[in-house]
Amino acid sequence: MKAIAVFPASREVKLIEQVEPVITQPDQVKLRMPDVGICGTDKEICTFVYGTPPADSDYLVIGHEALGEVVEIGAAVTHLAPGDLVVPTVRRPCPHTGCRSCRAGHQDFCETGDFTERGIKGTHGYLAEFVVDGAQYMNLVPPHLREIAVLVEPLTIAEKAEHQLYGLMQRRPPWTDPAVSERTQGHGRKALVLGAGPVGLLGAMALRTAEFETFVYSREQEPDPRIAVTREIGATYLSSQTLPTDQLETRIGPIDLVYEAVGHSLLALEVLHALGPNGIYVLTGVPGLQTLIEADPAALFREMVLKNQMVLGTVNAGPQAFEAAISDLAIFYQRWPHAMLALMANRIPIEQAAERILERPAGIKSVISFQL
Ligand SMILES: [Zn+2]
Ligand SMILES: [Zn+2]
């Protein structure tokens, strides 16, 4: 069967032939993989700055934003059946008995760093025709989401962040209102999303759904499909080409929440200065190697203290975030069908994947498809 693999030692990305996997444990499922999404992490792995092959392999099969169709189940699997659509979680627990997070099923909060991640760290990923995996890591997706289900994994980033920050917000006086449900948490509040890639735009959709007045700040200028999606979901697009970061506060007013989805440290730092009183700043981008910048930490920390501000870093996601992402994706699809399909505009056949993985997609999200 076909798979896309990265060979770090010889610095190659290529289509390989692998032996089709078989179920060896009663709690496993075998999946056929119709669609696998490509994100910045995959691009970093394919430029050899990130990613670790399994210990016994000189290559890593990539792909972690996956949609699978169950083709076979192990004898002990009762909650899934052939034909079901599933999205797998990415991270697998570390082996240490002392890791409270992993032992409690919250490996996205692993304390030791010895977790594995399918397609990223220590285990092969999903960019293969067939995959065998533990049934407990599968999240069932309704059939009507088939076309867009590959967006579940990038949406879990926002879902995990929102779940934490809504808990925090309810304990912070300006936002304390027992009448406000999680669904309307953003009512009367302003959120700024940094970056108009899939993680940013899906985050913006989640924030709009929670009734935040939402702004998306990115480098694109008209015409651009990212700007069109921003408008369709009722958010306001601001281009960094025409509005410098030091004018964000004047343009928007006090910003209650920043959702950073770029991974650019200078931008993240500059926008931190624009955060409003009692604001929360969520960092999801992972900055790569960037030039050193000068900063004035005293001014920054002074502001943060005097304004009761909070910075929250968040990575990966647990089963609860996957569940929330699947139900939110159904809401988004009903509310903004055109925008959801626009996110998916670039489908690449598996035969061209190795050559085209690094291209900037004509649409917004590159998806590798096994049947085109
Ligand atoms: Zn990803
Ligand atoms: Zn752990």
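Located above this text is the structure these notes cover.
Residue positions are counted from 1 within each chain, in the order its sequence is given. Labels follow written order: the first chain is A, the first ligand is 1, and so on. For a predicted model such as this one, the threshold for reporting local features is a pLDDT of at least 70, and the threshold for listing and counting side-chain atom pairs is 80 or more; totals across whole chains, interfaces and linings nevertheless cover every residue. Side-chain numbers come from the whole structure's heavy atoms, not from hydrogens or water.

A closer look at the packing of aromatic side chains
Pairing of aromatic side chains here covers Phe, Tyr and the six-membered ring of Trp, requires ring centres within 6.5 Å, and sorts the geometry by plane angle: under 30 degrees stacked, over 60 edge-to-face, intermediate tilted. By the definition in use, this model includes 2 aromatic pairs. With a centroid separation of 5.2 Å and 35° between ring planes, the pair formed by Phe7 and Tyr59 is classed as tilted. One end of the pair, Phe7, is in strand S1 (residues 2-7); the other, Tyr59, is in the loop between helix H1 (40-46) and strand S4 (60-61), with 52 residues separating them in the sequence. Accessibility assignment for this pair places Phe7 and Tyr59 in one class, buried. Their ring planes at 45° and their centres at 5.7 Å tell us that Phe332 and Trp336 sit as a pair that is tilted. For the pair Phe332 and Trp336, one class covers both residues: buried. When the NZ atom of lysine or the CZ atom of arginine is within 6 Å of a ring's centre and also within 35 degrees of its normal, the charge is said to sit over that ring. The aromatic ring of Phe130 is capped on one face by Lys30, whose charged end is 5.0 Å from the ring centroid. Seen from the ring of Phe115, Arg91 lies directly overhead, with NZ or CZ sitting 3.5 Å from the centre. Put simply, DSSP H or I for four residues or longer makes a helix, DSSP E for two residues or longer makes a strand, and each gets a number counted from the N terminus. Each residue gets one of three labels from its accessible area relative to the maximum for its type: buried under 20%, exposed over 50%, partly exposed in between, using a 1.4 Å probe on protein chains only.

Quick notes on the sheet that holds strand S8 (residues 116-118)
Spatially, 3 strands are ordered S7-S8-S9 in an open sheet, and the strand pairing comes out mixed. Only two strands of the sheet have a single partner each, and these edge strands are strand S7 (91-92) and strand S9 (122-123). In this description, strands pair whenever DSSP reports at least two bridges between them. The pairing of S7 with S8 spans 2 bridges and is antiparallel. If you follow Arg91 over to S8, its bridge partner there is Glu117.

Let's talk about the coordination of the zinc ion (ligand 1)
The rule for donors is simple: an N, O or S atom within 2.8 Å of the metal counts, and for Na, K and Ca the reach is 3.2 Å. Water is not among the atoms, so a site may look short of donors. Looking at the zinc ion (ligand 1), the protein donor atoms are Cys39 (SG), His64 (NE2) and Glu65 (OE), and they sit 2.1 to 2.2 Å from it. Along the chain, the residues donating to the zinc ion (ligand 1) are arranged with the sequence spacing C-x24-H-E. The residues His64 and Glu65 share a single accessibility class, namely buried.

Remarks on unusual backbone geometry
Cis geometry is found at the peptide bond from Glu222 to Pro223, where omega equals -15°. Checked against the element boundaries, Pro223 lands in the loop between strand S13 (213-218) and helix H5 (225-232). Notably, Asn308 is not glycine yet its phi reads approximately 55°, a positive angle. Along the chain, Asn308 turns up in the loop between helix H8 (297-306) and strand S17 (310-313). One non-glycine residue, Asn316, adopts positive backbone phi at about 60°. On the secondary structure map, Asn316 appears in the loop between S17 and helix H9 (319-335). Given a relative accessible area of 10%, Asn316 falls into the buried group.

With respect to the sheet that holds S17
Spatially, the 6 strands line up as an open sheet ordered S14-S13-S12-S15-S16-S17, and their pairing is parallel. The strands lining the two open edges of the sheet, one partner per strand, are strand S14 (236-239) and S17. Within the sheet, the average angular offset between the axes of one strand and its neighbour, ignoring direction, is 20°. Taken together, the 5 bridges between strand S15 (residues 255-260) and strand S16 (residues 275-283) define a ladder with parallel strand orientation. When the bridges of S16 are listed, Glu260 appears paired with Leu283. Any two residues whose heavy atoms approach within 4.5 Å at even a single point are treated as in contact. Here, axes are lines fitted to C-alpha atoms. For helices the fit covers the stretch in contact, and angles between N-to-C directions go from 0 to 180 degrees. Helix-sheet contacts for helix H3 (residues 152-169) involve S15, S16 and S17, and the interaxial angle to S16 is about 145°.

Let's talk about H8
Within the sequence span of H8, burial applies to Ala299, Leu300 and Met304. Down the axis, H8 shows its buried residues gathered within 130° of arc, on one side only. Exposed side of H8, more than 90 degrees from the buried face: Phe301, Arg302, Val305 and Leu306 are the residues found there. Asn308 occupies a position one or two residues after H8 and carries a positive phi of about 55°. Arc definition: it is the arc formed by the directions from the helix axis to the C-beta atoms.

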